[in-house]
Amino acid sequence: MRWLLLLGVSMLAACGQAGPLSGPETEAADTVTVPPAAETLVADNPAVDADDPVLWRDPADPARALWIGTDKSKGLYVHDIGGKVLQFFPEGPMNNVDLRSISVGGKPMVLVTAADRGQYGVRAWLLDPATLRLSSWGHMPTEASFGEPYGFCMGQFAGRTFAIANNKDGAVHAYAVREGAGGKPEMTPMHRWKLGSQTEGCVVNDATGDLYVGEEDVGIWRMSLADPKAAPVKIAAIDGKRLVADVEGLTLMRDGGRTFLIASSQGDSAYAVWELAGGGYDWIGRFRIGGGAIDPVTQTDGLDAWSGPIGAYPEGAIAVHDHCDGDGAKDPAAAICDSDGKQQNYKLVDWRAVKAALGLK
């Protein structure tokens, strides 16, 4: 299937005004603790260089679910919802990963894409919902001037599927993706934005076209696929209270008509939560993932939320990167993690536990 693309690129500088936040941005932020519910297990690789996860479930059957994560040195892992490895693609260093449902050759598929740091572009796989198996689809290069793609996410808006890459210089580029010649993936540059320093985590609200990007030492910005010429708007700043540098992964959780923006506050191993409401961002609170039967989570890079039933989680789940798997500290804020010789993996949190801890109804 080929999609008609509108060619044209918009370029603008990041000089937007501050966005609407509820309450003073420097007020003290209490942090609650929730337990991890599951973790990924990789028995054949004692040195997984984990970075970013993404979740998927069959719309007709919540039990048929996958938990996909990048190894930023080696490739892409596919797990079941319990964390068992199902597939591994040794296709080189991958950073952030995301997915969206599409049609390929007239067949419903799920497009899984990741920032390819080895070949400078976007690596694509196709997930067949009937078999729950991924297959390699191809590589789509970014512009030579863009350099290494670092952060990455996907979005769908106005009939197009977007792959959105950013880099360490603050460039953010949105590409329209389609099935191209010979049935292989192609992407066309559509929109460009520029922030002042290194970026990474991003997420798209497909309902509005809003794109949220984390500038690691500055804060979170909102851009727009609906109005790409509009200047980026800073909606949250690194303040050492709600957000502690680096701000890393971003995700959206939808629950009963409400939408929550969740950010990884990597510097203190916590997660900041806002509700998207009335064009603004209402502060909800912060949580950490403590230890128990499974070790606590520290220094999260990427994360992803699934809204609604998935596996054994009837109201949704959040998958997060854990920098130090097996760390014995009960307090993730106090844990000291040395990347040398440490096993990294992914943890899963029941959204019900987060809601209860934050007092959400």
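*Asks:* Residues and numbers for the overall build of the chain, please.
*Replies:* When its secondary structure is counted, the chain shows one helix and 25 strands. Going through the 361 residues of the chain one by one, you find that 60% of them count as buried.

*Asks:* Requested: an account of the pairing of strand 14 (residues 185-194), with residues and values cited.
*Replies:* Here strand 13 (residues 171-179) pairs with strand 14 via nine bridges, running antiparallel. Following the sheet pairing, Arg178 is matched in strand 14 by Glu186. Remark: five residues form the turn of the hairpin made by strand 13 and strand 14, two consecutive strands paired antiparallel; Gly182 in that turn has positive phi of roughly 70 degrees.

*Asks:* Describe the packing of aromatic side chains, and please don't skip the residues or the numbers.
*Replies:* Under the counting rule described, the total for this entry stands at six aromatic pairs. Consider the rings of Phe260 and Trp351, whose centres lie 5.7 Å apart with planes at 50 degrees: the pair is tilted. A residue pair is termed long-range when its members are at least 10 positions apart, and Phe260 in strand 20 (residues 258-265) and Trp351 in helix 1 (residues 351-358) qualify at 91 residues.

*Asks:* Mind laying out the sheet that holds strand 16 (residues 210-215), listing which residues take part and the relevant values?
*Replies:* The strands making up a sheet associate through backbone hydrogen bonding, with each pair oriented either parallel or antiparallel. On the basis of which strands lie adjacent, the open sheet formed by four strands has the order 15-16-17-18 and antiparallel pairing. Here the strands that pair on one side only, and so sit at the sheet edges, are strand 15 (199-205) and strand 18 (233-237). With direction set aside, neighbouring strand axes in the sheet form an average angle of 25 degrees. Pairing geometry for strand 15 and strand 16, over five bridges, is antiparallel. The partner of Val204 across the bridge, within strand 16, is Leu211.

*Asks:* Just give me the short version of helix 1, but keep the residues and values in it.
*Replies:* Given 3.6 residues per helical turn, the α-helix brings residues three or four places apart onto the same face. When we look at burial in helix 1, the residues that qualify are Trp351, Val354, Lys355 and Leu358. Down the axis of helix 1, the buried set is contained in an arc of 100 degrees. They therefore lie on one face. Trailing helix 1 by a residue or two, Gly359 shows a phi angle of about 75 degrees, which is positive.

*Asks:* Talk me through the state of the cysteines; I want residue IDs and the actual numbers.
*Replies:* All chains considered together, the criterion is met by one disulfide. The disulfide partner of Cys153 is Cys202, and the gap between their sulfur atoms is 2.3 Å. Negative torsions about the S-S bond denote left-handed disulfides, and the value of about -120 degrees found for Cys153 with Cys202 makes this one left-handed. Linking Cys153 in strand 11 (residues 152-157) with Cys202 in strand 15, this pair joins segments that are 49 residues apart in sequence. Both residues of the pair, Cys153 and Cys202, count as buried.

*Asks:* Provide a residue-level description of the sheet that holds strand 23 (residues 303-307), including the pertinent values.
*Replies:* Here we have four strands laid out as an open sheet, ordered 2-25-24-23, and antiparallel in their pairing. Pairing within the sheet leaves two strands with one partner each, and these edge strands are strand 2 (38-39) and strand 23. Where strand 2 lies against strand 25 (residues 345-350), two bridges are found, and the strand directions are antiparallel. When the bridges of strand 25 are listed, Ala38 appears paired with Leu348. Lying over the sheet, helix 1 contacts strand 24 (316-322) and strand 25, oriented at roughly 60 degrees with respect to strand 25.

*Asks:* Kindly report on the pattern of salt bridges, identifying the contributing residues and their values.
*Replies:* A complete count under the given rule lists 21 salt bridges for this structure. A salt bridge links Glu143 to Arg192; the nearest nitrogen and oxygen atoms lie 3.2 Å apart. With a gap of 49 residues between them, Glu143 in the loop between strand 10 (133-141) and strand 11 and Arg192 in strand 14 connect regions that are remote in the sequence. A residue is classified by how much of its surface remains accessible, and Glu143, at 18% relative accessible area, is buried.

Conventions used here
- Residues numbered from 1 in each chain as written.
- Predicted model: local features only at pLDDT ≥ 70, side-chain atom pairs only at ≥ 80, totals over all residues.
- Heavy atoms only, no water.
- Helix = DSSP H or I, 4+ residues; strand = E, 2+ residues; numbered from the N terminus.
- Buried < 20%, exposed > 50% of the residue type's maximum accessible area, 1.4 Å probe, protein only.
- Pairing = 2+ DSSP bridges.
- Phe/Tyr/Trp six-rings, centres within 6.5 Å; stacked < 30°, edge-to-face > 60°.
- Axes fitted to C-alpha atoms, helices over the stretch in contact; angles between N-to-C directions.
- Arc of directions from axis to C-beta.
- Disulfide = S-S within 2.5 Å.
- Contact = heavy atoms within 4.5 Å.
- Salt bridge = Lys/Arg side-chain N within 4 Å of Asp/Glu carboxyl O.

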